[in-house]
Amino acid sequence: HLFMLLLLAIFAIGCNKKSEQFKIEGTVAKEMAIDSMNIYDESGKVMFSSPVKDGKFTLTGHTDEIVNVGLGNANKNMAVPIILENDAYKVNFNNDGSYTIDGGKIHQILFKHYKDPVYQQLVKDYQVNSDKAFEGIDMQNEEQVNKARKIMDEYQGKVFDYEEKVNKEITNGD
């Protein structure tokens with residue numbers, strides 16, 4: 001019995017051991033024609049890189065601390081925020097510009113609202129209405145530009161208000 005308890009204890013410790021590296025496995029829509037995925041630090045410097053083959057990539061490495069980074073491809077002017085820690089992630093980039101990130105304990109806490117249908121609708125409304133507001137206007141006409149900006153700011157404000165609400169919930173422990 002002592003031997004079994006010892007094995008169980010070793011197993012439990014092994015299961016609770018913090019990962020020593022991160023692993024980001026992902027897919028990229030083939031229509032995006034991306035040949036590599038990179039992790040960028042806050043200055044834009046490439047920290048880690050992986051080729052994309054058949055729409056798939058894997059980034060592995062180690063970080064000494066939890067850091068805010070960008071994941072993407074500078075040649076395609078594409079990067080999304082990710083909280084990088086030594087954990088496992090699954091990332092999917094869709095052809096329409098949307099993406100999902102699963103994994104990363106801290107990332108899931110700080111970005112949980114990205115999966116919220118209310119938040120997703122607010123972002124979609126912002127994108128659609130901002131595009132409509134600027135569609136066909138004379139960019140040299142200050143009155144038209146200001147009117148379009150006001151519409152854009154209104155929808156962007158709704159997104160920011162929702163993000164602020166979520167941030168307050170996080171800091172209050174809700």
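Predicted model, so just to flag it, every value in this text is computed and none were measured. (Residues numbered from 1 in each chain as written. Predicted model: local features only at pLDDT ≥ 70, side-chain atom pairs only at ≥ 80, totals over all residues. Heavy atoms only, no water.)

1. A few points about the overall build of the chain
Where we set the bar: Helix and strand labels come from DSSP, where a helix needs a run of H or I of at least four residues and a strand needs a run of E of at least two; each type is numbered from the N terminus. A 1.4 Å probe rolled over the protein chains alone gives each residue an accessible area, and that area as a share of the maximum for its type sets the label: buried under 20%, exposed over 50%, partly exposed in between. By definition in these notes, contact holds between two residues if any of their heavy atoms fall within 4.5 Å. Each accessible area is a Shrake-Rupley estimate made with a 1.4 Å probe; only the visible protein chains count as cover when residues are assessed.
Helices and strands together make up the secondary structure of the chain, namely 4 helices and 8 strands. Every one of the 174 residues in the chain was classed for burial, and the buried ones make up 31%. Excluding contacts between residues fewer than 6 apart, the proportion of contacts in the chain whose partners are at least 24 apart in sequence is 49%. Counting every atom, the chain has about 11,900 Å² of accessible surface; 53% of that belongs to carbon and sulfur.

2. Considering the confidence of the model for the chain
This is how the line gets drawn: A residue's pLDDT is simply how confident the predictor is in it, with values from 0 to 100.
Taken over all residues, the pLDDT of the chain has a mean of 86, while the share at 70 or more is 89%. Within the chain, the lowest mean pLDDT, 45, falls on helix α1 (residues 2–16), and the highest, 97, falls on strand β4 (residues 56–61). Across residues 1–14, where pLDDT falls below 50, the model places 0 contacts with residues more than four positions away in sequence or in other chains.

3. What about helix α3 (residues 117–134)?
What counts here: To estimate the expected span of a helix, subtract one from its residue number and multiply by 1.5 Å. The directions considered for the arc run from the helix axis to the C-beta atoms.
Spanning 18 residues, α3 covers 26 Å between terminal C-alpha atoms, matching the ideal 26 Å at 1.5 Å per step. Buried residues of α3: Tyr119, Leu122, Asn129, Ser130 and Ala133, and no others. The arc enclosing the buried residues of α3, seen along the axis, measures out at 105 degrees, which places them on a common side. Pointing more than 90 degrees away from the buried face of α3 are the exposed residues Pro117, Lys124, Asp131 and Lys132. Where α3 is buried, its residues meet α4 (142–171).

4. A closer look at the side chain of Asp87
Which entries qualify depends on this criterion: N or O atoms closer than or at 3.5 Å make up a polar contact, with two conditions inside protein: a donor-capable atom paired with an acceptor-capable one, and, for residues adjacent in sequence, both atoms drawn from side chains.
Positionally, Asp87 belongs in the loop between β6 (78–84) and β7 (88–93). Its relative accessible area of 14% is what places Asp87 among the buried residues. A distance of 3.0 Å separates a polar atom in the side chain of Asp87 from a polar atom in the side chain of Lys105.

5. Some thoughts on the environment of Asn68
Among the secondary structure elements, Asn68 is positioned in strand β5 (residues 67–73). Looking at Asn68, the relative accessible area reads 39%, which means it is partly exposed. C-alpha separation for the pair Asn68 and Asp41, spaced 27 residues apart in sequence, amounts to 7.5 Å. In contact with Asn68, not counting residues within four places along its chain, are Glu42, Pro81, Ile82 and Ile83.

6. Overview of the packing of aromatic side chains
Counted only if it meets this: The aromatic pairing rule takes the rings of Phe, Tyr and Trp, using the six-membered ring of Trp, and pairs them if the centres are within 6.5 Å, calling planes under 30 degrees apart stacked, those over 60 edge-to-face and the rest tilted.
Scanning the entire structure with this criterion turns up 5 aromatic pairs. Ring geometry for Phe22 and Phe48: centres 4.9 Å apart, planes at 85 degrees, overall edge-to-face. With a gap of 26 residues between them, Phe22 in strand β1 (residues 22–28) and Phe48 in strand β3 (residues 46–51) connect regions that are remote in the sequence. Comparing Phe22 with Phe48, the two get one shared label, buried. Here the aromatic residues Phe111, Tyr114, Tyr119 and Tyr162 are joined through ring pairs into a cluster of three or more.

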